[in-house]
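Here are the chains, one letter per residue:
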Amino acid sequence: MKLLVTGGLGFIGSNFVRHTLAKSHKTRIVNLDIRTYAGNPENLKGMKGARRHQWIKGDIADPKVVDRAMKGVDAVVHFAAESHVDRSITDAGAFLRTNVLGTQVLLDAAKKHAVRRFVHVSTDEVYGSVATGASRENDRLLPNSPYAASKAASDLLVRSYFETHGMPVLVTRCSNNFGPYQFPEKALPVMITNWMDGEPFPLYGDGLNIRDWIHVEDHCRGIDLVLRKGKLGEIYNIGGTASLTNKQLVERVRRIMGVDASLVEHVTDRLGHDRRYAVNCSKIKRLGFKHSTTFDRALKATIEWYWDNQSWWRKLKGKTGYKSYYKKQYKGLAKR
Ligand code: NAD
Ligand code: TYD
């Protein structure tokens, strides 16, 4: 089987490439990734089955590049995206271009090359904030951030290619991931790496926003299951095992790392900050999905990974681009 993975140099994409090459010895992977600030070839260093992997440096919104990459491909798993909510608040342009137009270019090429399955990797953020209960796959989409809106738009585009062209598409909507190789702009790696350096973690607002945490390896297993067994045209939620307020998350990490409470800095809230996400996962469970780890075990392993792989994240945090992003992102956020 020849798989086209888009965004395979990013956090979840690289974990998926590692997972797939180690698990199925007959799979070859073409990895189309333009290598934005979030794409890092080091994420794939030392992986098993590297000879069955080929990286094409290119843009998913470029029809010529995508047409070449799609040749002879059996299935597509589409991760490539601009993925950080805070960045979408400051500048939404790249989000629309990559997440919406990029998805359209991929769908057209997949149609032309008669690809057999196309998995579009999406997020629970498309449902918007849910005060109570848990979102189901056919619930209304009410995205609140430009990131979530761009993902919702791409989900709807994927749906339209199923309805209009009968394309063999599937959509997954996952909750907040954590684990190795997550870029230090998302909450957990910012927290862990700042604390390793004795720097404060900037906690937005009252810290009572709720997220549902899943280890990235379990997300990859869920995507693999949907790729193999999902029903065409269907959407599958993938949720985690720990629904926590950000304050509770901070406490869990603080206890494991032995960090003083003074290293939590309460700052101004994120604009449009969704209060709570929660997804109902009975549909993917009916396909046979089970979590392989507990939140506490996976959190401890993740903290250890960042401890053992300091050169990986120090290189990223040392870059001028990262430093200016961090300064710009947090300078306007006054202490509360
Ligand atoms: P990431 O930001 O770590 O990685 C994105 C990757 O896409 C990078 O390697 C980047 O170089 C590549 N990319 C960006 N624009 C591109 C373009 N125009 N052409 C080719 N490659 C491009 O993101 P992630 O956290 O790994 O998320 C991957 C996918 O999973 C996204 O679609 C995201 O919406 C979805 N998702 C993420 C989470 C999460 O918690 N991180 C949860 C649910 C769903
Ligand atoms: P994040 O990792 O950006 O994921 P998402 O916004 O996609 O859920 O943020 C997770 C939660 O942590 C979210 O409620 C925002 C909050 N947060 C902070 O409090 N401080 C931070 O520095 C960051 C990046 C996030």
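Because the structure is a prediction, the values reported are computed rather than measured.

A few words now on the site of ligand 1. As a structural note, the neighbourhood of ligand 1 is formed by 29 residues, with Ile12, Asp33, Ser83, Tyr147 and Lys151 the closest of them. One of the backbone nitrogen or oxygen atoms of Gly10 is found 2.9 Å away from an oxygen atom of ligand 1. Asp33 is positioned such that a nitrogen or oxygen atom in its side chain is 2.6 Å from an oxygen atom of ligand 1. Counting residues per element, the ones that place at least two in the shell around ligand 1 are helix 1 (11-23), strand 5 (117-123), helix 5 (146-165) and strand 7 (176-178). If one sorts the elements of the shell around ligand 1 by residue count, strand 5 sits on top with three residues. The class makeup of the residues in the shell around ligand 1 is twelve nonpolar, twelve polar and five charged.

Overall, the coordinates contain 16 aromatic pairs when judged by the stated rule. Seen in terms of ring centroids, Tyr306 and Trp312 are 6.2 Å apart; in terms of plane orientation they differ by 75°. Their pairing is edge-to-face. Here Tyr306 and Trp312 have matching classes, each one buried. Connected via pairs of aromatic rings, a cluster forms that spans Tyr37, Phe183, Tyr204, Tyr322, Tyr325, Tyr326 and Tyr330. It is Arg87 that lies over the ring of Tyr37; its NZ or CZ is 3.7 Å from the centre.

This part takes up the environment of Gly240. Looking at where Gly240 falls in the secondary structure, it is placed in the loop between strand 10 (235-238) and strand 11 (242-245). Here the alpha-carbon distance between Gly240 and Thr164, two residues 76 residues apart in the chain, equals 33 Å. The contacts of Gly240, once residues within four sequence positions are left out, are Ser175, Asp212, Trp213, Ile214 and His291.

Summed over the entire model, instances satisfying the criterion amount to two cavities of 30 Å³ or more. Looking at the largest cavity, its volume works out to about 60 Å³. Lining the largest cavity are Val85, Glu125, Ser145, Arg211, Arg270, Leu271, Gly272, His273, Asp274 and Tyr277. Taken together, the residues that form the lining of the largest cavity break down as three nonpolar, three polar and four charged. Looking at which domains feed residues into the lining of the largest cavity, each of domain 1 (2-177 + 215-238) and domain 2 (179-211 + 241-273 + 295-319) gives three or more. Of the pockets and cavities examined, the second largest cavity occupies roughly 40 Å³. Around the second largest cavity sit Phe178, Trp213, Ile214, His215, Asp218, Thr241, His291, Thr293, Thr294 and Phe295, which together line it. Take the lining of the second largest cavity: its biggest share by element is three residues, from strand 9 (residues 210-215).

Attention now moves to the domain arrangement of the chain. Quoted interface sizes are often the accessible area lost when the parts come together. Per the domain assignment, the segments making up the chain are domain 1 (2-177 + 215-238) and domain 2 (179-211 + 241-273 + 295-319). Between the C-alpha centres of domain 1 and domain 2 the distance comes to 25 Å. Between domain 1 and domain 2, the residue contacts involve 20 residues of the former and 17 residues of the latter. Surface buried jointly by domain 1 and domain 2 totals about 1,600 Å² across both partners, of which 49% is contributed by carbon and sulfur atoms. Run the count over domain 1 and domain 2 and you get three salt bridges. Arg87 is the salt-bridge partner of Glu185, the closest N and O atoms lying 2.7 Å from each other. The interface formed by domain 1 and domain 2 contains eleven residue pairs in polar contact (both at pLDDT 80 or more). Breaking the side of domain 1 that touches domain 2 down by element, the ones donating at least two residues are helix 1, helix 3 (85-90) and strand 7. Split by residue class, the side of domain 1 that touches domain 2 holds six nonpolar, ten polar and four charged.

The rules we used
- Residues numbered from 1 in each chain as written.
- Chains lettered and ligands numbered in written order.
- Predicted model: local features only at pLDDT ≥ 70, side-chain atom pairs only at ≥ 80, totals over all residues.
- Heavy atoms only, no water.
- Near = heavy atom within 4 Å.
- Polar contact = N/O pair within 3.5 Å; in protein donor to acceptor, adjacent residues only side chain to side chain.
- Helix = DSSP H or I, 4+ residues; strand = E, 2+ residues; numbered from the N terminus.
- Nonpolar A, V, L, I, M, F, W, Y, C, P; charged D, E, K, R; others polar.
- Phe/Tyr/Trp six-rings, centres within 6.5 Å; stacked < 30°, edge-to-face > 60°.
- Buried < 20%, exposed > 50% of the residue type's maximum accessible area, 1.4 Å probe, protein only.
- Lys NZ or Arg CZ within 6 Å of the ring centre and 35° of its normal.
- Contact = heavy atoms within 4.5 Å.
- 1 Å grid on protein atoms, 1.4 Å probe; cavity = no way out; pocket = protein on both sides within 12 Å on 5 of 7 lines; lining within 4 Å.
- Points joined across faces, edges and corners; volume = space filled by probe spheres on them.
- Domains from an automatic or database assignment.
- Buried area = accessible area lost by both parts, 1.4 Å probe.
- Salt bridge = Lys/Arg side-chain N within 4 Å of Asp/Glu carboxyl O.

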